Amino acid sequence: MNDSTRFVTFPLGEQHYALDSSQVKELLMPVKVYRFPHTMSSLEGVLVRRGTVIPVCDLRETLGHGPERNFYVIAQCNYLGRREVIAIPVTGDCQLVQGVRGEASGAVEFVAAVLHSGGRTFPLLDLDQIVAHCIQPARGMAREAMR
Amino acid sequence: MAVKELERRSLSIARPLGPAALTAGPVILFTAGGMRFAVAADEVQEVRGGDERTTMRKLKGTELIDFALQVGLGEGILERLLVLKPGECALEVTDVERMASIPKVVSLPGMFRGMERQWYRGLLLLENEVVPLVRTEFWRKAAGQGAGHE
């Protein structure tokens, strides 16, 4: 699947974002997140999908949305030069849309471009950049994984 | 709903993120700081009661490690000692639950790249549960460097 005119849009709080559909592997209904002590910021644990362990990356701290979650977007990104798969909790329905990629006006952090679709405009997330920003080892203390 | 469309064309994640870290033999499941962990049974010398702490430390020279504290779960209830082979280090834990055999073990996903890669050998997929498998060599080394709480 490498159709550059297709995108997946999803809400994080009040704001809707988009990812290139080639990055999105699937959508999951809410599933159990397994937590264990670790030191990585923004990783809240893992979920298991067909025997595969997938880290759950919570973007709330960076993009500022509420705790509710309706789906997990399973997406592929590059992290430290390696291709990784992550689960991103999102707060509402996701849509597969067709659209046109445009340049973002000015440099907006974590936004690679804008998507024009159905008369709306969505920030097209730079997933590699946001993941690199969010997922960092905490110094000194383990992350309290028992939220 | 658009989600349905996505589900129809959804791509499976074709291969695991990493190969099986090891083919584990029996493991001992234990709790610490309110969470469950596992340690390979053949790396444990014995299990002792927490009331033997002083004996173990002073008479046998065993270094004690409050496991929950070390992994950031805060000071735990310490009622059992998991003495690691060859006996110079023991993990202080809340309880030893049971043994489990031949669980599936997978590597930690690559995004976990902090101390957890030292703490754990991998993750057990066990009865609809994911349990970190303790890397005993790290804890023995930590004990040798005085990481114990006492």
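Structure: see above.
Residues numbered from 1 in each chain as written. Chains lettered and ligands numbered in written order. Predicted model: local features only at pLDDT ≥ 70, side-chain atom pairs only at ≥ 80, totals over all residues.

## Some points on the overall build of chain A
Alright, step 1. From N to C terminus, chain A includes two helices and 11 strands.
Alright, step 2. Helices and strands in chain A line up, N terminus first, as β-β-β-β-β-α-β-β-β-β-β-β-α.
Alright, step 3. The C-alpha extent of chain A, read off along each of the three principal axes, is 45 × 35 × 30 Å.
Alright, step 4. For chain A, buried positions account for 42% of its 147 residues.
Alright, step 5. Put simply, 53% of the contacts in chain A that link residues at least 6 apart link residues at least 24 apart. (Helix = DSSP H or I, 4+ residues; strand = E, 2+ residues; numbered from the N terminus. Buried ≥ 20, exposed ≤ 12 C-beta atoms within 10 Å, placed from the backbone. Contact = placed C-beta atoms within 7 Å.)

## Observations regarding the nonpolar core
Alright, step 1. Membership of the largest hydrophobic core comes to 82 residues, with the highest contact counts inside it found for C57(A), V73(A), I86(A) and L82(B).
Alright, step 2. The leading source of residues in this core is strand β6 (residues 71-79) of chain A, at seven residues.
Alright, step 3. If we skip the residues at most four places from it in the chain, V73(A) touches V8(A), F10(A), V24(A), L27(A), I88(A), V90(A) and C94(A). (Core = buried A, V, L, I, M, F, W, Y, C linked by C-beta atoms within 7 Å.)

## Quick notes on the environment of G25(B)
All names here are of chain B.
Alright, step 1. Looking at the secondary structure, you find G25 in the loop between α1 (2-8) and β1 (27-32).
Alright, step 2. In this structure, the C-alpha to C-alpha distance between G25 and L84, residues 59 residues apart in sequence, is 16 Å.
Alright, step 3. Contacts of G25, omitting those with residues within four sequence positions, involve A40, A41 and D42.

## Focus: the environment of Q95(A)
Alright, step 1. Residue placement: Q95(A) occurs in strand β8 (residues 95-98).
Alright, step 2. It is 5.2 Å that separates the C-alpha atoms of Q95(A) and T9(A), two residues lying 86 residues apart in sequence.

## Side note on the sheet that holds strand β5 (residues 80-84) of chain B
Residues and elements named next belong to chain B.
Alright, step 1. Spatial strand order, β3-β5-β6-β4: four strands in an open sheet with mixed pairing. Each edge of the open sheet is held by one strand with a lone partner, namely β3 (44-49) and β4 (63-66). The mean inter-strand angle of the sheet, taken between neighbouring strand axes irrespective of direction, is 25°.
Alright, step 2. As judged from the five bridges shared by β3 and β5, these two strands associate in the antiparallel manner. Residue G49 lies in a different strand from β5, and its bridge partner there is R80. (Pairing = 2+ DSSP bridges. Axes fitted to C-alpha atoms, helices over the stretch in contact; angles between N-to-C directions.)

## So, the pairing of strand β11 (residues 120-125) of chain A
On any regular strand, side chains alternate: one points to one face of the sheet, the next to the other face.
Residues and elements named next belong to chain A.
Alright, step 1. Pairing between strand β10 (residues 111-117) and β11: six bridges, direction antiparallel. For V114, the partnering residue across the bridge sits in β11 and is P123.
Alright, step 2. Counted along the chain from β10 to the antiparallel partner β11, the turn is two residues long, and its residue G118 has a positive phi close to 55°.

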